[in-house]
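# Structure at a glance
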Amino acid sequence: MEPLSFWTKSRRRVALLTGLVAAATLAAGWYTQRRPVVDVVRPVRREVREVVVASGRLEAARTTRVSPRISGGVRNVLVAQGDRVRQGQVLVVLEADELEDDLRQAAARVATAAAELQRLLTGPPEEDLTQAAAALRAAVRAGGAQVRAAEQRLQDLQQGRPEAVRVAESLVAQARAAAAAAQAELEAALAAADAAASTASQAEADARRTRALVAAGALAAAETEKADLQASRLKAEELAARRRADAARARTLLAQQQLAAAERQLELARRPASEAQIQAARQELQALQARVRAEIATAQARWESLLKSPRPVEVRVARARYREALEALRAAQRRLAAREVRAPFSGVVVEVFAQTGQTVAPGTVLLTLADPTSVQVVVDLDEQNLARLRPGQNAWLLPPGGGSPVPARVAAVDPQVDVQRGTVRVRLSVPPGALGPTLGRTVDVSLELGYWPESLAVPVGCLQQSSDAASVLVLVNGRAVRREVRVLGRNDRWAAVAGLDPTDLVVLRPDRLRPGSAARARVVLPEP
């Protein structure tokens, strides 16, 4: 009985163990079926191109602010905004009256210096000797007449001024006659005004009496209108007469004032000259005598120098004066030519600031000129991109009308940031003729900030971004594990990362799973 009992118990134990294993297998399968299925991707090696998209505008790469080289007023503005001009074309003309005068004077000085040099080289002609002698005689005659007139004036001051008294008396007589005439006119005007007032008053009384008779039925109503019109007309004549009387009164007052002034002038003329006036006349005579002597001496020296042969030193001085005059003439010609402000190169007028009549100076911007054959695209990007911008980066331009993208390159990055807008300005060079000559057009810009040709990349939906790091969820043995990664660059679909292995199972939508959660992986192929 004992052997049978042993084998029986063993079989029971085996059956029990088999049942336990089957139950565990069923439980494991049931648990596995309960875990959620999540989409995962494996990191792939591919190119990732990070771009920033913005709008830019087409501008001329070659622009200049045209300014004058001289000061003056603007006479004519010969171009308008949008005009095409050629190199050397006159754009603005400045006032040149003074410049033309300077040129004429400079030409006259050149002619004088050349004649003087020629005279010294050939000797004085006979007509120069004749003119010098005539000038000497004229200086003697004119100087003598001026001195005699000054001496007579001094004598008059010392002995009285009868001529001034005669003139003042004549003015007083004229003023008295004018005042008497004005007074007579005033009296006549006052009399006429009084007569007009009396007549107007009588007409008003007649009008009142007529109205009373009409009211009583003694006269027709039309008589009232006639009487009123007569009274109004006479009243207007009274007012006109009074205005004429006022004007006559004003003329009388003015004539009286002029008479008083003439009488004061006569009184001053009858007074003897003061010692200060006599002393001033004496000093004026002495100065005049000295000036006349100097003019006579100069004319005499000129005449005598013509009688002598030219000396070498005089010829050298004349040559130097001629060269100086000639250089001054050339400078005046250059200044006159500068009144015409010309285009430094062929292009399009972008803006015109000059206005006719405006006063300008060197440095004043008259207009802005642009060369449409040399264009660039200007785009303002977020200042956060400043550290990643550099000349030579690739860009692509898409004109508003469509068409194939136009390649471009970053030519310059402005070092300063627009603090109000938070942007940095980037200038892109464009192949000649690629976008046409229309300045100011808007184009769509895609600028390449980075390019990773063979880096591990995952879809951007896999990334979880915090303030200081980026991470992804990776399924390891059926559980989600957070793994930090370093984002090298990204675009709207892919992110180039470091910190992953090509065999990792990266959760495609990490926001649906928490770290540590169990899940089943379903490997999918992301869009390219």
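Use the structure listed above.
Every value quoted in this text rests on a predicted model; they were computed, and no experiment measured them.

### Quick look at the overall build of the protein chain
Of regular secondary structure, the protein chain possesses seven helices and 21 strands. Taken over 528 residues, the protein chain has a buried fraction of 33%. Within the protein chain, residue pairs in contact and separated by at least 24 positions form 79% of the contacts whose partners lie at least 6 positions apart. For the protein chain, the exposed area adds up to about 32,600 Å²; of that, 53% sits on carbon and sulfur atoms.

### Describing the pairing of strand β18 (residues 479–490)
A regular strand places its side chains so that they alternate between the two faces of the sheet. Strand direction decides the pairing type here: strand β17 (residues 470–476) and β18, joined by seven bridges, are antiparallel. Residue Val 472 lies in a different strand from β18, and its bridge partner there is Arg 483. Hairpin geometry of β17 and β18 is characterised by an intervening segment of two residues between the two adjacent antiparallel strands and by a positive phi of about 55° at Asn 477. Hairpin connection of β18 to strand β19 (residues 494–498): three residues between the antiparallel strands.

### As for the sheet that holds strand β5 (residues 84–85)
To summarise the sheet geometry, strands pair through backbone hydrogen bonds and adopt either a parallel or an antiparallel arrangement. Strands sit in the order β3-β10-β8-β5 across an open sheet of four strands; the sheet is antiparallel. Every interior strand has two partners, whereas the edge strands, β3 (63–66) and β5, have only one. Summarising the sheet, strand β8 (residues 347–352) and strand β10 (residues 367–370) pair through four bridges and their orientation is antiparallel. Across the sheet, Val 349 pairs through a bridge with Leu 369, a residue of β10.

### Some thoughts on the sheet that holds strand β6 (residues 90–94)
The strand order across the open sheet formed by four strands is β7-β6-β4-β9, and the pairing between neighbours is antiparallel. The two strands at the open ends of the sheet, each matched to only one other strand, are β7 (340–342) and β9 (359–360). As paired strands, strand β4 (residues 72–77) and β6 are joined by three bridges and run antiparallel to one another. When the bridges of β6 are listed, Val 74 appears paired with Leu 94.

### Overview of the environment of Ala 261
Residue position: Ala 261 is located in helix α5 (residues 221–270). Residue class for Ala 261 comes out partly exposed when judged on its relative accessible area of 35%. Distance in space between the C-alpha atoms of Ala 261 and Val 172 is 8.6 Å, their sequence separation being 89 residues.

### A word on the packing of aromatic side chains
Applying the stated criterion across every chain, the model contains zero aromatic pairs. Just above the ring of Phe 345 sits the side chain of Arg 62; from NZ or CZ to the centre is 4.0 Å.

### Side note on the packing of helix α2 (residues 97–122) against helix α7 (residues 312–337)
Here α2 crosses α7 at 160°, and the two axes come no closer than 8 Å. Taken as axis vectors, α2 and α7 run roughly antiparallel relative to one another. Pair α2 / α7 crosses with left-handed handedness.

### Digging into the pattern of salt bridges
In total, this model carries 22 salt bridges according to the counting rule given. Arg 334 is paired through a salt bridge with Glu 327; the nearest N and O atoms lie 3.5 Å apart. Judged by relative accessible area, Glu 327 falls into the partly exposed class, the value being 39%. The network of salt bridges with shared partners includes Asp 39, Arg 509 and Arg 522.

### Re the pairing of β6
With respect to burial, β6 is a largely interior element, five of its five residues being buried. Here three bridges tie β6 to β7, and the two strands are oriented antiparallel to one another. The partner of Val 92 across the bridge, within β7, is Val 341.

### Observations regarding the side chain of Thr 368
Residue position: Thr 368 is located in strand β10. Here Thr 368 falls in the buried class, since its relative accessible area comes to 13%. Ignoring sequence-local partners within four residues, the contact set of Thr 368 consists of Thr 64, Arg 65, Val 348, Val 349, Val 350, Glu 351 and Phe 353.

### A closer look at unusual backbone geometry
Leaving glycine aside, a negative phi is the common case for residues, and trans is the common case for peptide bonds. For Asn 477, which is not glycine, the phi torsion reads 55° and is therefore positive. Looking at where Asn 477 falls in the secondary structure, it is placed in the loop between β17 and β18.

### Re α7
Compared with an ideal rise of 1.5 Å per residue, which puts 26 residues at 38 Å, α7 spans 38 Å between its outermost C-alpha atoms and is within 8% of the ideal. Burial in α7 covers these residues: Val 315, Ala 318, Ala 325, Leu 329, Ala 331, Ala 332 and Leu 336. Among the structural elements, α2 and β7 are those in contact with the buried residues of α7.

### Quick look at the environment of Glu 383
Residue position: Glu 383 is located in the loop between β11 (375–382) and β12 (394–398). The spatial distance from the C-alpha of Glu 383 to the C-alpha of Val 424 is 5.3 Å, given a sequence separation of 41 residues. Leaving out residues up to four positions away in the same chain, Glu 383 has contacts with Val 417, Gly 422, Thr 423 and Val 424.

Calculation criteria
- Residues numbered from 1 in each chain as written.
- Predicted model: local features only at pLDDT ≥ 70, side-chain atom pairs only at ≥ 80, totals over all residues.
- Heavy atoms only, no water.
- Helix = DSSP H or I, 4+ residues; strand = E, 2+ residues; numbered from the N terminus.
- Buried < 20%, exposed > 50% of the residue type's maximum accessible area, 1.4 Å probe, protein only.
- Contact = heavy atoms within 4.5 Å.
- Areas by Shrake-Rupley, 256 points an atom, 1.4 Å probe, with all protein chains shown as cover.
- Pairing = 2+ DSSP bridges.
- Phe/Tyr/Trp six-rings, centres within 6.5 Å; stacked < 30°, edge-to-face > 60°.
- Lys NZ or Arg CZ within 6 Å of the ring centre and 35° of its normal.
- Axes fitted to C-alpha atoms, helices over the stretch in contact; angles between N-to-C directions.
- Parallel < 35°, antiparallel > 145°, perpendicular 65-115°, else oblique.
- Left-handed = near helix turned anticlockwise from the far one by under 90°.
- Salt bridge = Lys/Arg side-chain N within 4 Å of Asp/Glu carboxyl O.
- Expected span 1.5 Å × (residues − 1).

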